[in-house]
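# Descriptive structure summary
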Amino acid sequence: MHEITQPDLALLAFAREVQSKAYAPYSSFRVGAAVYAGGEIFQGVNVENAAYGATLCAERGAITAAVAAGYTEIDAIAVVGDSEAPTAPCGSCRQVMAEFNPTMRVIMGGRGDEVRVVSLEELLPEAFVRGYLDQEDTK
Ligand code: THU
């Protein structure tokens, strides 16, 4: 757990702002996310589907927006869900986050006032990253 800074709270506010736009008619669990990359903010929401497995998570939506804008180095991500306690990113989102910075700052909020700030390393230790694929002995 890290000290919570003003920029953390500002990013969390962007995640909260977009959360109401989530498309979650099946679970009713709305998630908003905001990414800080290249000095800009990118937002995302979860987008569910009648074919449940086609659902997109908020975090990956926000990361996709950052990458589409040309940023592949992400400093921080904030996520807010409908849980009382701060919502933690799912395992698939953690893996996608690691691609763009295995030590990015992760700010989590929920319906309550509690906020948690951690490094992605704490959520996904020993991540599988592209370095493994670059090793000579795998070729
Ligand atoms: N969800 C996210 O958007 N991010 C997560 O990290 C966890 C889960 C969404 C997917 C689905 O629409 C709803 O939350 C319930 O699983």
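This one's a predicted model, so the numbers in the text were calculated from it and none came from an experiment.

### Focus: the nonpolar core
- Among the nonpolar cores identified, the biggest contains 23 residues, and V35, I74, M97 and V106 are the most heavily contacted of them.
- Elements supplying a minimum of two residues to this core: β1 (32–37), α2 (58–68), β3 (76–80), α3 (91–99), β4 (105–109) and α4 (120–123).
- With four residues, the top contributor of residues to this core is α2.
- Beyond its immediate chain neighbours, meaning those up to four positions away, V35 contacts L11, E40, I41, F42, A62, I63, A66, I74, A76 and I77.
- Of all hydrophobic cores here, the second largest spans ten residues; its members include V80, I107, V115 and V117.

### Considering the site of the ligand
- Close contacts around the ligand come from S27, F29, V31, N46, E48, T55, C57, A58, E59, P89 and C90, and that covers them all.
- A distance of 2.5 Å separates an oxygen atom of the ligand from a polar atom in the side chain of E48.
- Interatomic distance of 3.0 Å between a backbone N/O atom of A58 and an oxygen atom of the ligand.
- Residues that form the shell around the ligand fall into these classes: six nonpolar, three polar and two charged.

How each quantity is defined
Residues numbered from 1 in each chain as written. Predicted model: local features only at pLDDT ≥ 70, side-chain atom pairs only at ≥ 80, totals over all residues. Heavy atoms only, no water. Core = buried A, V, L, I, M, F, W, Y, C linked by side-chain atoms within 4.5 Å. Buried < 20%, exposed > 50% of the residue type's maximum accessible area, 1.4 Å probe, protein only. Helix = DSSP H or I, 4+ residues; strand = E, 2+ residues; numbered from the N terminus. Contact = heavy atoms within 4.5 Å. Near = heavy atom within 4 Å. Polar contact = N/O pair within 3.5 Å; in protein donor to acceptor, adjacent residues only side chain to side chain. Nonpolar A, V, L, I, M, F, W, Y, C, P; charged D, E, K, R; others polar.

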